[in-house]
Amino acid sequence: PSWYTSYTPYQAEISQGRLEALLNFQTMVIDLTGLPITNASLLDEGTAAGEAMTMCYGLRKGNKTKANAIFVSDECLPQTIDVIKTRALPHNIEVIVGDFKTYELNDNIFAVVVQYPAVNGDVYDYTEFFAKANELKIFKIVCADLLSLTILKPPAEFGADIAVGSTQRFGIPMGFGGPHAAYFAVRDEFKRTLPGRII
């Protein structure tokens, strides 16, 4: 079916065992994020966050809203904020960068993006912030460090709709190049709009 991928796995991948490795990757991401559907990776964390924004922008019509702004926590990684700003330009999306602890959400916002743990290492529980977003039918995106999720509360448990992040911490040194593969996990109802390929 065309809705899930234009990169359907082919025989060579299956025979090389790559298909199994990608399935293992997806299973790990599902287990750690608590979200039921994930793809078989994206380019990097910034790109994944940009794709999440675009996905939510498309989905906002289902919420019957003309909201045109995205709120991004100022404690997100700077490169993630920059990619979101760049991806927002052609869609005329307003990007609001601020402190999630003090910002008042409103009807013009279709999605929020937070970092977990934050850029300086702080660990926040976003339950209350996401509850306010829920009241306004705002999508909730979490950029989460995958390795930290082995001990921290999964994003799904405090209300995330989408979790994205880098897999760099899983044994690939910074000096080995990059970008490092990103993960992208969503709630089940968003599986038909999930970017990338699904094994």
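Look above for the structure.
Please read all numbers here as calculations on a predicted model, not as lab measurements.

Conventions and cut-offs
Residues numbered from 1 in each chain as written. Predicted model: local features only at pLDDT ≥ 70, side-chain atom pairs only at ≥ 80, totals over all residues. Heavy atoms only, no water. Phe/Tyr/Trp six-rings, centres within 6.5 Å; stacked < 30°, edge-to-face > 60°. Helix = DSSP H or I, 4+ residues; strand = E, 2+ residues; numbered from the N terminus. Buried < 20%, exposed > 50% of the residue type's maximum accessible area, 1.4 Å probe, protein only. Expected span 1.5 Å × (residues − 1). Arc of directions from axis to C-beta. Contact = heavy atoms within 4.5 Å.

Asks: Tell me about the packing of aromatic side chains, and name the residues and values.
Replies: Going through the model one piece at a time under the given rule, you end up with 14 aromatic pairs. Here the aromatic rings of F139 and F190 are separated by 5.8 Å at their centres, their planes lie at 75°, and the arrangement is edge-to-face. With a gap of 51 residues between them, F139 in strand β5 (residues 139–144) and F190 in the segment after β7 (182–186) connect regions that are remote in the sequence. Exposure remark for F139: the relative accessible area of 8% places this residue in the buried category. Judged by its relative accessible area of 9%, F190 is buried. Linked through ring pairs, F71, F100, Y103, Y116, Y124, Y126, F129, F130 and F158 together constitute an aromatic cluster.

Asks: Got a sec to walk through helix α2 (residues 18–33)? Specific residues and values, please.
Replies: Helix length check: α2 (16 residues) gives 23 Å between terminal C-alpha atoms against 22 Å at 1.5 Å per residue, within 8%. Buried residues of α2: L22, F25, Q26, V29, L32 and T33, and no others. Taken around the axis of α2, the buried residues stretch over an arc of 135°, which confines them to a single face. Opposite its buried face, α2 presents the exposed residues E20 and D31, each directed more than 90 degrees away. In the core, the buried residues of α2 are packed alongside β1 (37–38), β6 (162–166) and β7.

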